[in-house]
Amino acid sequence: SQQGEEDPQALSIQEGENATMNCSYKTSINNLQWYRQNSGRGLVHLILIRSNEREKHSGRLRVTLDTSKKSSSLLITASRAADTASYFCATAGGLFGNEKLTFGTGTRLTIIP
Amino acid sequence: DAGVIQSPRHEVTEMGQEVTLRCKPISGHNSLFWYRQTMMRGLELLIYFNNNVPIDDSGMPEDRFSAKMPNASFSTLKIQPSEPRDSAVYFCASSSLDRDGNTIYFGEGSWLTVV
């Protein structure tokens, strides 16, 4: 079963705008990660945030984590056409510690040039 | 580094045939994962190995599916007999635990169509 649920399922924005995607999960976690998947390709790791962190930045990416609400958000600033992809959150924790990642349902992001 | 290598990239087979998917993880990684992705069910973890030992196979859908990891550089996922509902993209991924946790590196996937 899937741990995370991304919201929205699909998002279309103009190039240059910011894109925000949300992820909710159900059980306690050790860390939360975001991955990107281009059409027809494998998933690529973007960023990891630990359960004791609230915010993390990497280039144009900003991730927040609210463990009290069991939610995370991914913000992509100044979007580009190349950001068009599906974005997944993944959580680690519980019985299998950091080893086993459970992925959410994904947000399909389309950047309109 | 070559990354995770999967073969075949695409396979079309008839129902009832045996399908074998292959994976070479990144050298030095001690965990290997098999995922399946479909439109209906999203990305599902089928099984994962740690140091070549199966740790959690609770995601394997049924006895028709089996996975092996005879050594640190090779794994197979076998479906016998295959059925049309097995059509999906099968991803192999590998990782090595560090202090931050478990960043997973995916292969490009094996696209399976069972007709």
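Below or above, wherever it landed, is the structure these notes cover.

Definitions and limits used
As a convention, each chain's residues are numbered from 1 in the sequence order in which they are written. Each chain gets a letter, beginning with A, and each ligand a number, beginning with 1, in the order they are written. In keeping with the predicted nature of the model, local features appear solely for residues at pLDDT of at least 70, side-chain atom pairs appear and are counted solely at 80 or more, and the whole-chain, interface and lining totals rest on all residues. Computation of side-chain values: all heavy atoms of the structure, hydrogens and water removed. Paired strands are those between which DSSP finds at least two bridges. Here a helix means four or more residues in a row that DSSP labels H or I, a strand means two or more in a row labelled E, and each is numbered from the N terminus. Every axis in this analysis is a line fitted to C-alpha atoms, fitted for helices over the stretch in contact. Angles between the N-to-C directions lie between 0 and 180 degrees. Whether two residues are in contact is decided by their heavy atoms: any pair within 4.5 Å suffices. Here the quantity called buried area is the total loss of accessible area, with a 1.4 Å probe, experienced by two parts when brought into contact, counted for both. One side-chain nitrogen of Lys or Arg within 4 Å of one carboxyl oxygen of Asp or Glu is enough to make a salt bridge. Each polar contact in these results corresponds to two N or O atoms within 3.5 Å; when the atoms are within protein, one needs to be able to donate a hydrogen and the other to accept it, and residues that are neighboring in sequence are counted only if both atoms are side-chain atoms. Nonpolar cores were defined as sets of buried Ala, Val, Leu, Ile, Met, Phe, Trp, Tyr and Cys residues, with membership established by side-chain atoms within 4.5 Å. Any residue under 20% of the maximum accessible area for its type is buried, any over 50% is exposed, and the rest in between are partly exposed; the area is computed with a 1.4 Å probe on protein chains only.

## Some remarks on the sheet that holds strand S1 (residues 5–7) of chain B
Residues and elements named next belong to chain B.
And then number 1: With antiparallel pairing, the four strands of this open sheet are ordered in space as S1-S3-S8-S7. Each edge of the open sheet carries a strand with a single partner, namely S1 and strand S7 (65–71). Within this sheet the neighbouring strands show an average axis-to-axis angle of 15 degrees, counted without direction.
And then number 2: As paired strands, S7 and strand S8 (residues 74–79) are joined by five bridges and run antiparallel to one another. Bridged to Ser 66 within S8 is Lys 78.

## Considerations on the interface of chain A and chain B
And then number 1: Each partner contributes residues to the interface: chain A has 19 residues there, and chain B has 25 residues.
And then number 2: Roughly 1,900 Å² of surface becomes buried between chain A and chain B when both sides are summed, with 48% attributable to carbon and sulfur atoms.
And then number 3: Taken together, the links from chain A to chain B amount to one salt bridge.
And then number 4: Salt-bridge contacts for Arg 41 of chain A lead to Glu 108 of chain B; the nearest nitrogen and oxygen are separated by 2.4 Å.
And then number 5: There are five residue pairs in polar contact (both at pLDDT 80 or more) connecting chain A and chain B.
And then number 6: For the side of chain A that touches chain B, the secondary structure elements donating two or more residues are strand S4 (31–37), strand S5 (43–50) and strand S10 (101–103) of chain A.

## Thoughts on the nonpolar core
And then number 1: Met 21, Leu 32, Trp 34, Leu 74, Ile 76, Tyr 87 and Leu 109 of chain A are the most contacted members of the largest nonpolar core, which has 22 residues in total.
And then number 2: Broken down by secondary-structure element, the contributors of at least two residues to this core are strand S2 (10–14), strand S3 (19–24), S4, S5, strand S7 (61–66), strand S8 (71–76), strand S9 (85–92) and strand S11 (107–112) of chain A.
And then number 3: Other than its neighbours up to four places away in sequence, Leu 109 of chain A contacts Leu 11, Ile 13, Ala 19, Met 21, Ile 76, Asp 83, Thr 84, Ala 85 and Tyr 87 of chain A.
And then number 4: Core analysis: the next-biggest nonpolar cluster, separate from the first, contains 21 residues, Ile 47, Met 60, Ile 79 and Ala 88 of chain B among them.

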